[in-house]
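Letter by letter, the chains look like this.
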Amino acid sequence: MTAAASDLRLTQPAVSLQIKALEKDLGILLLERGGPKLLLTQAGEALYRCAVSILHAKDEAERAIAELSAATQGKLILGANTTGGMYLLPRIVRAFKELYPQTEVIFEIESTQWIYEKILQNVVDMGLVGGPTEDRRFGVEPICLDHVALIVSPSHAFARAGKVSLAELKTQPCILPLQGSRTRQLVERKLKEAGVTLRVTMQLPGTEAVKKAVEANLGVGFVSRYAVERECSLGDLKIITVDRFDLTRRMELIYRKQKYFSPVAQRFREFVHSYAQDHLSAPRLNIKRAQKSAG
């Protein structure tokens, strides 16, 4: 009792009163009194074992909260469309994990509509998609510019010219992703505004399938420049300039408005902007201004 009182900076009688109050509350004796030493009863021993376990759990909880507060641990669930998920998010996550290896990052590559739904359901923390996102239920932060390029096989006639006109493009068999693709919607809308209707001869499920078909010289195609960096560097595909025509969109980080961001999620959110400024075609945008405009 004396030692316990000293550790707790209390008087010995105060500790004795606390023990008696606990026994009264539990309705059972915890200590055997009357001899030269105080001994634990069977109930006292049971309570002691539980108390030690509780104190260990308290220490563990405090350590876990401290790690989360420092944003060194935690879990992020991210979503992305094809371009964001296959060609941008992996490199961003890899760089983030090099700095914060204890953070668990899970991401899903799905359609943009699927990403929207899962964010609103709070299943996904954030999404990286092609813009514009106009739904006011989302916070939107521009991350980088995505240039959608005309690609051809090196053996295609366009490859020697390097530049083509919109009129020449009309005559070519074109390979596009399936209906519903945001890239396809952008390409067809912008070309229609320019008075061009493509001769679509193949519709394929996804960017990789489009690239392979173009590489086999089955037609021309439109994909994100991020998607063909490796193939162009190897000489398997070539980007062709379309005279007086440019297809550019914003890649956006989106999330549910009024969402609570854990410390690790907030750190990732800030990291994405920093990474984009250093490694991607990033629009000059102050993150604090973006956050304020996003609500």
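Calculation criteria
Residues numbered from 1 in each chain as written. Predicted model: local features only at pLDDT ≥ 70, side-chain atom pairs only at ≥ 80, totals over all residues. Heavy atoms only, no water. Core = buried A, V, L, I, M, F, W, Y, C linked by side-chain atoms within 4.5 Å. Buried < 20%, exposed > 50% of the residue type's maximum accessible area, 1.4 Å probe, protein only. Helix = DSSP H or I, 4+ residues; strand = E, 2+ residues; numbered from the N terminus. Contact = heavy atoms within 4.5 Å. 1 Å grid on protein atoms, 1.4 Å probe; cavity = no way out; pocket = protein on both sides within 12 Å on 5 of 7 lines; lining within 4 Å. Points joined across faces, edges and corners; volume = space filled by probe spheres on them. Nonpolar A, V, L, I, M, F, W, Y, C, P; charged D, E, K, R; others polar. Phe/Tyr/Trp six-rings, centres within 6.5 Å; stacked < 30°, edge-to-face > 60°. pLDDT = per-residue confidence, 0-100.

(A) The nonpolar core, seen in detail. In terms of nonpolar packing, the biggest core is built from 30 residues, with Leu76, Leu78, Ile92, Met126, Leu128, Phe268 and Leu280 touching the most fellow members. At the level of secondary structure, the elements contributing two or more residues to this core comprise β3 (74-80), α4 (82-99), β5 (126-130), β6 (138-152), β12 (248-256) and α11 (263-279). Filtering out sequence-adjacent residues up to four positions away, Met126 remains in contact with Leu76, Ile77, Leu78, Gly79, Ile119, Leu253, Ile254, Tyr255, Phe261, Ala265, Phe268 and Arg269. Within the second largest apolar cluster, 21 residues are counted, among which are Phe158, Leu166, Phe222 and Val242.

(B) Broad picture of the layout of surface pockets. Its boundaries defined by the atoms lining it, the largest pocket holds a volume of some 620 Å³. Contributing to the lining of the largest pocket are 19 residues, with Ala4, Val15, Ile19, Leu22 and Tyr48 lying nearest its centre. Element by element, the count of residues in the lining of the largest pocket is highest for helix α3 (residues 42-69), at 6 residues. In terms of residue class, the lining of the largest pocket is built from 16 nonpolar, 2 polar and 1 charged. Of the voids in this model, the second largest pocket is the one considered here, and its volume is about 350 Å³. Thr82, Ser111, Gly180, Ser181 and Arg182 are, among the 21 residues lining the second largest pocket, the residues nearest its centre. Elements that contribute at least two residues to the lining of the second largest pocket include exactly α4, α5 (112-120) and α8 (182-193).

(C) Geometry of the packing of aromatic side chains. Tallying each qualifying case throughout the model produces 6 aromatic pairs. Taking the centre distance of 5.4 Å and the plane angle of 65° together, the rings of Phe96 and Phe271 count as edge-to-face. Placement of Phe96 in helix α4 and of Phe271 in helix α11 is noted, with a sequence separation of 175 residues between them. The class for Phe271 is buried, based on a relative accessible area of 13%. Geometrically, the ring pair formed by Phe271 and Tyr275 is tilted, given 6.1 Å between the ring centres and 35° between the ring planes. Highlighted residues: Phe271 and Tyr275, both in helix α11, separated by 4 residues, approximately one helical turn. As far as burial versus exposure is concerned, Phe271 and Tyr275 are alike and both buried.

(D) Examining the confidence of the model for the protein more closely. When pLDDT is averaged along the protein, the result is 86, and 91% of the positions lie at 70 or above. Confidence, expressed as mean pLDDT per element, reaches its minimum in the protein at helix α12 (residues 287-294) with 43 and its maximum at helix α9 (residues 207-215) with 94. Scored below 50 in pLDDT, residues 284-295 makes 19 contacts in the model with residues more than four places away or belonging to other chains.

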